[in-house]
Amino acid sequence: MNGNLEHKGIVLNVSGERVDVSILSESACATCKVKGACGMSEAEEKVVSILTPDAPAYRAGERVVVSVTRNMGLRAVFLAYVVPFLLLLASLLILLETGLSEAVAGLVSLGVLAFYYVVLWLVRRRIEHEINFNIRKS
C-alpha cells in the first residue's frame, strides 16, 4: 500500500475543475454473507467533490479511484470528531464545576459544539484546499 486511503467511486458530474464522485461507504456488516439474517447491514452513499485541473478528462458514469493521504485523512477525523468531543467534554466539565445545573451545562455545551461546527463551516473553503483528494481512472 502506498500510504493513501482509497475508495472506488463513480463520477456523477463534471463542472469546470470540479469532479463530483459517488462513493459507497460500507460497514463491515454490509459485506457479510448473512447480513439478511440479522438486518444490521449498513451502506451509505457519499458524494465527494474533487478539485483537479484534469476534470475535463472525466465523464459522468466513469469508474474512478479517489484517494487521500493518511495524514490528511487523520486531520479530517481530528477536525470532525476529536476536537468537537474535547470541546463538549471540557465545556461540560467546566460549566458543572461553576455550579450550573446539569441541564443548563448540557445545553450550553451543545451550544459550544454548534458554534464550533458553524466556525468549521465558515472556514470550509480553506480546509477544502488543505485536504486534497486525488482522483484517477480505475
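Above this text sits the structure in question.
Residues numbered from 1 in each chain as written. Predicted model: local features only at pLDDT ≥ 70, side-chain atom pairs only at ≥ 80, totals over all residues. Heavy atoms only, no water.

A.B. asks: Looking at this structure, I do not really get a nonpolar patch on the surface. What am I missing?
C.D. replies: A surface patch of nonpolar side chains, amounting to about 780 Å² of accessible area, comprises V77, F78, Y81, V82, F85, L86, L89 and L93. By the element assignment, F85 lies in helix 2 (residues 70–97). Overall, the relative accessible area of 51% leaves F85 in the exposed class. (Patch = residues over 30% accessible without salt bridge, like charges linked within 9 Å, V, L, I, M, F, W, Y side chains within 5 Å. Areas by Shrake-Rupley, 256 points an atom, 1.4 Å probe, with all protein chains shown as cover. Salt bridge = Lys/Arg side-chain N within 4 Å of Asp/Glu carboxyl O. Helix = DSSP H or I, 4+ residues; strand = E, 2+ residues; numbered from the N terminus. Buried < 20%, exposed > 50% of the residue type's maximum accessible area, 1.4 Å probe, protein only.)

A.B. asks: What am I meant to see in the nonpolar core here?
C.D. replies: In globular proteins that are soluble, nonpolar side chains generally tend to be buried together. The biggest cluster of nonpolar side chains holds 11 residues, and these are V11, V19, V21, I23, V48, I50, A55, Y58, V64, V66 and I135. Elements with a contribution of two residues or more to this core: strand 2 (18–26), strand 3 (43–51) and strand 4 (63–69). With 3 residues, the single largest contributor to this core is strand 2. Residue contacts for A55: discarding those within four places in its chain leaves V14, G16, E17, R18 and V19. (Core = buried A, V, L, I, M, F, W, Y, C linked by side-chain atoms within 4.5 Å. Contact = heavy atoms within 4.5 Å.)

A.B. asks: Help me understand helix 3 (residues 102–122) in this model?
C.D. replies: Note that an α-helix has 3.6 residues per turn; residues three or four places apart therefore point the same way. With 21 residues, helix 3 extends 30 Å from end C-alpha to end C-alpha; this agrees with the ideal 30 Å at 1.5 Å per step. Along helix 3, the residues classified as buried are A105, S109, L113, Y116 and L120. Down the axis of helix 3, the smallest arc covering the buried residues is 80°, so these residues share one side. When the buried face of helix 3 is taken as reference, the exposed residues oriented beyond 90 degrees from it are A103, L107, F115, W121 and L122. The secondary structure elements touched by the buried residues of helix 3 are helix 2 and helix 4 (124–130). (Expected span 1.5 Å × (residues − 1). Arc of directions from axis to C-beta.)

A.B. asks: Looking at this structure, I do not really get the layout of surface pockets. What am I missing?
C.D. replies: Unfilled space is identified by rolling a water-sized probe across the atoms. The calculated volume of the largest pocket comes to roughly 990 Å³. Lining the largest pocket we find 30 residues, and of these V47, V48, A76, I131 and F133 sit closest to its centre. At the level of elements, strand 1 (4–15), strand 2, strand 3, strand 4, helix 2, helix 3 and helix 4 are the ones that each hand at least two residues to the lining of the largest pocket. With 7 residues, helix 2 is the single largest residue contributor to the lining of the largest pocket. Along the lines of polarity and charge, the residues of the lining of the largest pocket split into 19 nonpolar, 7 polar and 4 charged. (1 Å grid on protein atoms, 1.4 Å probe; cavity = no way out; pocket = protein on both sides within 12 Å on 5 of 7 lines; lining within 4 Å. Points joined across faces, edges and corners; volume = space filled by probe spheres on them. Nonpolar A, V, L, I, M, F, W, Y, C, P; charged D, E, K, R; others polar.)

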